[in-house]
Amino acid sequence: MVVQMIQEDVLLTFKEAMNYLRVSRSTLYRLMWSGQLTGHKVGSTWRFYREDLRACVGREVPMSTLPANATMN
């Protein structure tokens, strides 16, 4: 239990967050600036809690942010 809590509290680097979400650098920045993902500035680098990344994945995307030619399956 304690080990799991410690693993959840570890901050991931920008690159680790990109790999975790399987997105590009620009997509990760877009998620941050749109408010869909919370990042924490540590010195000159961004860090992310794994739980915040999971919450971002679980969230539905508002229709207004989808491109006009996107199709929903």
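Here goes a summary of the coordinates provided. All residue numbers refer to position in the chain's written sequence, counted from 1. Local features in a predicted model are, by the rule used here, given only for residues with pLDDT of at least 70; side-chain atom pairs are given and counted only at 80 or more, and totals for whole chains, interfaces and linings are based on all residues. Values shown for side chains rest on all heavy atoms present in the structure; no hydrogens or waters enter the calculation.

Helix and strand assignments follow DSSP, with helices taken as H or I runs no shorter than four residues and strands as E runs no shorter than two, numbered in order from the N terminus. With respect to the helices, strands and loops of the structure, Val 23 is situated in the loop between α2 (14-21) and α3 (25-33). Should any heavy atoms of two residues lie within 4.5 Å, those residues are considered in contact. If near-sequence neighbours (up to four positions away) are discounted, Val 23 is found in contact with Met 18 and Leu 28.

Moving on, we come to the packing of aromatic side chains. Any two of the Phe, Tyr and Trp rings considered here, Trp counted by its six-membered ring, make a pair once their centres fall within 6.5 Å; the pair's planes then place it as stacked at under 30 degrees, edge-to-face at over 60, or tilted in between. Across all of its chains, the model carries four aromatic pairs by this definition. Every member of this aromatic cluster is reached through a ring pair, and the members are Phe 14, Tyr 29, Trp 33, Trp 46 and Phe 48.

A word on the pattern of salt bridges. Each salt bridge in this description consists of a side-chain nitrogen of Lys or Arg and a carboxyl oxygen of Asp or Glu lying within 4 Å of one another. Tallied over the entire structure, the rule returns one salt bridge. The partner of Glu 51 in a salt bridge is Arg 54, with the nearest N and O atoms 3.5 Å apart. Placement of both Glu 51 and Arg 54 in helix α4 (residues 50-58) is noted, with a separation of three residues, approximately one turn of the helix. For every residue, the accessible area (1.4 Å probe, protein chains only) is compared with the maximum for its type, and the residue is labelled buried under 20%, exposed over 50%, or partly exposed between those bounds. Arg 54 sits in the partly exposed class, given a relative accessible area of 36%.

So, on to the nonpolar core. Definition of nonpolar core: a set of buried residues of the types Ala, Val, Leu, Ile, Met, Phe, Trp, Tyr and Cys, connected through side-chain atoms within 4.5 Å. Among the nonpolar cores identified, the biggest contains 13 residues, and Phe 14, Leu 21, Leu 28, Met 32, Leu 37, Phe 48 and Leu 53 are the most heavily contacted of them. Secondary structure elements with two or more residues in this core: α2, α3, β3 (45-49) and α4. The element best represented in this core is α2, accounting for four residues. Contact partners of Leu 53, with chain neighbours within four places excluded, come to Leu 12, Ala 17, Tyr 20, Leu 21, Leu 37 and Phe 48.

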